[in-house]
Amino acid sequence: MADDTKLATELEAREVAEYAREQDWERRSFARSIFEGRFELDLIHPHPVPDPEEQERAAEFHAKLEAFSRDHIDGDQIDRDRHVPQEVLDGLAELGAFGIKIPRKYGGLELSQLSYNRSLEIVASRCGSTGAFLSAHQSIGVPGPLLKFGTDEQKERYLPRLAGGALSAFALTEPNVGSDPANMSTTATLSEDGSHWILNGEKLWTTNGPRADIIVVMARTPTPEGSRRKPITALIVETEWEGVETVRECTFMGLNGLSNGVLRFTNVKVPRENLLWAEGKGLKLALITLNTGRLALPAFCAAAGKGALEMCRDWAGSRVQWGRQVGKHDAIAQMLGRMTAETFAMEAVVELTSGMADAKTFDIRLEAAIAKLWASETGLRIVDDALQVRGGRGYETHASLLARGDTPYPVERYLRDMRINTIFEGSSEIMRLFIAREAVDTHLSVAGDIIDPKASAGQKLAALLRAGVHYAWWYPSRFLGWGFWPRYASFGTLAGHLRFVERASRRLARSTFHAMVRFGPGLEKHQAVLGRIVDIGADLFVMTASIVRARMLTDRGSDETGATALSDLYCRHARRRIAARFDALFINDDDATYSIARRFLAGEFEWLERGIVSLETYRQQVEAALAAEAEAEPSVREPVHTG
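Residues numbered from 1 in each chain as written. Predicted model: local features only at pLDDT ≥ 70, side-chain atom pairs only at ≥ 80, totals over all residues. Heavy atoms only, no water.

Asker: Help me get a handle on the overall build of the protein chain, residues and values and all.
Answerer: The helix and strand inventory of the protein chain stands at 24 helices and 10 strands. For 643 residues, the compact-globule estimate of 2.2 N^0.38 gives 26 Å, and the C-alpha radius of gyration of the protein chain, at 26 Å, lies within 12% of that figure. Overall, the protein chain is about 75 × 75 × 65 Å in size when its C-alpha atoms are taken along their principal axes. Buried positions account for 52% of the 643 residues belonging to the protein chain. Accessible surface for the protein chain amounts to roughly 30,300 Å². Of this, 55% is attributable to carbon and sulfur atoms. Taking the 78 positively charged and 88 negatively charged side chains of the protein chain as two groups, their mean positions are separated by 7 Å. (Helix = DSSP H or I, 4+ residues; strand = E, 2+ residues; numbered from the N terminus. Rg over C-alpha atoms; globule rule 2.2 N^0.38 Å. Buried < 20%, exposed > 50% of the residue type's maximum accessible area, 1.4 Å probe, protein only. Areas by Shrake-Rupley, 256 points an atom, 1.4 Å probe, with all protein chains shown as cover. Lys, Arg positive; Asp, Glu negative; His and termini not counted. Charge placed at Lys NZ, Arg CZ, Asp CG, Glu CD.)

Asker: Explain the pattern of salt bridges to me, using residue names and the numbers behind them.
Answerer: Within this structure, the stated rule accounts for 42 salt bridges. A salt bridge links Arg161 to Glu238, with the nearest nitrogen and oxygen atoms 3.3 Å apart. Of the two residues, Arg161 sits in helix 9 (residues 152-163) while Glu238 sits in strand 5 (residues 232-238), which places them 77 residues apart along the sequence. Look at Glu238 and you get buried, because its relative accessible area is 8%. (Salt bridge = Lys/Arg side-chain N within 4 Å of Asp/Glu carboxyl O.)

Asker: A description of the environment of Ser477 should follow, citing residues and the corresponding values.
Answerer: Mapped onto the secondary structure, Ser477 falls in helix 19 (residues 457-477). Spatially, the C-alpha atoms of Ser477 and Lys148 are 39 Å apart, while their sequence positions differ by 329 residues. Side-chain polar atoms of Ser477 contact the backbone oxygen of Trp474, separated by 2.6 Å. A polar side-chain atom of Ser477 sits 2.7 Å from a polar atom in the side chain of Arg478. (Polar contact = N/O pair within 3.5 Å; in protein donor to acceptor, adjacent residues only side chain to side chain.)

Asker: How would you summarise the confidence of the model for the protein chain if you had to cite specific residues and measurements?
Answerer: Per-residue pLDDT for the protein chain has a mean of 92; in total, 95% of the residues score no lower than 70. Below pLDDT 50 for its whole length, residues 636-643 participates in 16 contacts with residues either more than four positions away or in separate chains. (pLDDT = per-residue confidence, 0-100. Contact = heavy atoms within 4.5 Å.)

Asker: Run through the packing of aromatic side chains, naming residues and quoting values.
Answerer: To describe a pair of aromatic rings, you give the distance between the ring centres and the angle between the ring planes. Evaluation of the coordinates by the stated rule reveals 13 aromatic pairs. Judged by centre distance (5.9 Å) and plane angle (55°), the rings of Trp474 and Phe513 are tilted. One end of the pair, Trp474, is in helix 19; the other, Phe513, is in helix 20 (residues 495-519), and 39 residues separate them in sequence. Classification of Trp474 by relative accessible area gives buried; the value is 6%. Judged by its relative accessible area of 17%, Phe513 is buried. Grouping aromatic residues by their ring pairs yields a cluster made of Tyr471, Trp474, Tyr475, Phe479 and Phe513. Seen from the ring of Trp25, Arg365 lies directly overhead, with NZ or CZ sitting 3.7 Å from the centre. (Phe/Tyr/Trp six-rings, centres within 6.5 Å; stacked < 30°, edge-to-face > 60°. Lys NZ or Arg CZ within 6 Å of the ring centre and 35° of its normal.)

Asker: Can you explain the pairing of strand 3 (residues 196-207)? Please cite residues and give values.
Answerer: Here strand 2 (residues 187-190) pairs with strand 3 via four bridges, running antiparallel. Its bridge partner lying in strand 3, Ala188 is registered against Leu199. Hairpin connection of strand 2 to strand 3: five residues between the antiparallel strands, including Gly194 at a positive phi of 75°. One ladder, built from nine bridges, connects strand 3 with strand 7 (residues 260-271); its direction is antiparallel. Each bridged residue has a counterpart across the sheet, and for Thr206 the counterpart in strand 7 is Gly261. (Pairing = 2+ DSSP bridges.)

Asker: Could you give me a rundown of unusual backbone geometry, with the residues and numbers involved?
Answerer: The phi angle of most residues is negative, glycine excepted, and most peptide bonds adopt the trans form. Along the chain, His45 connects to Pro46 via a cis peptide bond; the corresponding omega equals 5°. Examined against the element boundaries, Pro46 turns out to sit in the loop between helix 2 (30-35) and helix 3 (52-72). That bond from Trp485 to Pro486 is cis: its omega, 10°, falls within 30 degrees of zero. In this fold, Pro486 is placed in the loop between helix 19 and helix 20. In this structure, Trp322 is a non-glycine residue whose phi angle is positive, near 55°. Tracing the chain through its elements places Trp322 in the loop between strand 9 (320-321) and strand 10 (324-325). On the basis of relative accessible area, Trp322 is assigned to the exposed category, the value being 82%. In this structure, Lys360 is a non-glycine residue whose phi angle is positive, near 60°. Secondary-structure assignment places Lys360 in the loop between helix 12 (330-359) and helix 13 (365-390).

Asker: Mind laying out the side chain of Thr422, listing which residues take part and the relevant values?
Answerer: Looking at the secondary structure, you find Thr422 in the loop between helix 16 (411-418) and helix 17 (428-439). A polar contact is formed between the side chain of Thr422 and the side chain of Arg419, at a distance of 2.6 Å. Residues within four places of Thr422 in sequence aside, it is in contact with Lys372, Ser376, Glu377, Leu380, Ser427 and Ser428.

Asker: Describe in detail the environment of Ser490, supporting the description with residues and values.
Answerer: You can see Ser490 is positioned in the loop between helix 19 and helix 20. Along the chain, Ser490 and Arg551 lie 61 residues apart, while their C-alpha atoms are 9.5 Å from each other.

Asker: Please provide a residue-by-residue account of the packing of helix 11 (residues 296-318) against helix 16, values included.
Answerer: Across the interface, helix 11 lies against helix 16 with an axial gap of 11 Å and an inter-helix angle of 160°. By the angle between their directions, the pair helix 11 and helix 16 is classed as roughly antiparallel. Considering how the two elements wind past one another, helix 11 and helix 16 form a crossing that is left-handed. Touching Phe300, Cys301, Ala304, Gly307, Ala308 and Met311 of helix 11 are Val411, Tyr414 and Met418, all from helix 16. Residues that form the contact of helix 11 with helix 16 fall into these classes: eight nonpolar, one polar and no charged. (Axes fitted to C-alpha atoms, helices over the stretch in contact; angles between N-to-C directions. Parallel < 35°, antiparallel > 145°, perpendicular 65-115°, else oblique. Left-handed = near helix turned anticlockwise from the far one by under 90°. Nonpolar A, V, L, I, M, F, W, Y, C, P; charged D, E, K, R; others polar.)

Asker: Which residues make up a nonpolar patch on the surface, and what are the values?
Answerer: On the surface, Ile450, Ile451, Leu461, Leu464 and Leu465 cluster together to form a nonpolar patch covering roughly 440 Å² of accessible area. Sorting the residues of the nonpolar patch by element identifies helix 18 (441-451) and helix 19 as the ones contributing at least two each. No other element matches the three residues that helix 19 contributes to the nonpolar patch. Take Ile451: it is sitting in helix 18. Ile451 gets classed as partly exposed once you look at its relative accessible area, which sits at 30%. (Patch = residues over 30% accessible without salt bridge, like charges linked within 9 Å, V, L, I, M, F, W, Y side chains within 5 Å.)

Asker: Describe helix 21 (residues 527-555), and please don't skip the residues or the numbers.
Answerer: Along its 29 residues, helix 21 runs 42 Å from first to last C-alpha, staying within 8% of the 42 Å computed at 1.5 Å per residue. With 24 of 29 residues buried, helix 21 lies mostly within the body of the structure. Looking one or two residues past helix 21, Gly557 carries a phi angle of roughly 60°, positive in sign. (Expected span 1.5 Å × (residues − 1).)

Next comes the structure, spelled out in structure tokens:
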């Protein structure tokens, strides 16, 4: 059904996004060095080591959390009921799980990002929906941005409540605003006396929203005089205030216990002091918060990967078909080997990125985005493979398996719950564009004016001269370097993979430059090319993370035997993917595929849709429902209050 709402132009949308992104790289980034052809292994090796005192406190908390999760969280019942019981949330709050990273002076546990992610793994292994409550509350909800950008008064007022279990949420998305905030329609204007903001608008898919007590809401505030920019501002809103209502609760294919809905704000009076950070800084606040918030999703994926391995080890090691254990048939064994290596790599990424976040000496915007992109896609594949290994029992629901006395492993629920992770907090497609933009930042800072349609002739000439000087040194240097034996020999059998990463990072930097020269201003529209560049960089990052973790486990002589073999297998598979992506970077079928897509959208292939009952029925269904709602009396159309 067409929507005639006037949307922002492509240029306007790009300007909003560019204004909001972090412009400077004040701290070092390991992932950025890979894309620039500088393999700075010393940034992450030796592996970051957590604080022993903090880990001791975390271990005590994790023991209690594991016991509570085992005894009181029934993910399958929650899935059937589509509701997380309040007593579960209250029990988690009593343990301190709603204030894991909040400082102790505000009533929190003051644990690290690493301990936080391990906590999410514990809860999510029992129930993804319950884990989502904790993650939406702390990763992107009020505590995160409040700790980074809140005033002392705001922290004193809200953090103790949040640590004690007051649920929070983050309201950004609208019907016309997903990854494109230029089209935001929610507004906040100052009252005549300047004492409060008047908030109006609707937010879609607000996780935790229907049950939340405190929400960060993104809204447009008035454009400053003489400016063309439309500011986006963050406000702290309490759901008990007049004018805040849940008008609809949403249900999904997975995470059935999720509390998610459409929130409406009608002339809500928000105290002026509830402005978070500064007027017009809302979108930047959101992006900075997401840099750390995205680290939670890989933890969920790692939990699912570990659960999938346990199911498959039991089933494939005991089920006999054609005279052999299922897991000893080569087709299944290939899947099991890959799943095991990828789960190890996923855990390595979670541990490394968490350690980097805790160190507070890195700019992790690229690392967090790569971790989210790679883990969400890899985790989904692992769970899908686990379902395939389980066969019909994988497709059968927990309740059905239990009713007939079969082990009710919840792999079917895992798959439904995992599917959202490639969409949550930036879809895979948006993540690839985000990573690509950050990866070429150095190039744009040097030569961006050359391809900027708004740059003057003088700016373009200056950029051309600047680029000439820069690339006269930079480009030849991407060929120079020693990526062969005996470099990294101390890593033993994994040294060859590190040497490959060093060589491939320089090749990646050259290839990115070639793409910029070849496509010029049109590079951003060649998203398949950018996607290959990003995927190469992601695999190089994950290879290194797995190697560094394997080395750490070996050095400390732990009981995690075989880590080197797992890292080696992941790296072998990754190298084949990387080689294929390099080969397809400029020799591919992208243009032919894009041409077919254009013809499809123009209706040329409508004949392919014949032979079924047209889905026009669904469009008619929603039109009829909206018409019936419009005719209903206002008293019949009261909003649903669930908070």
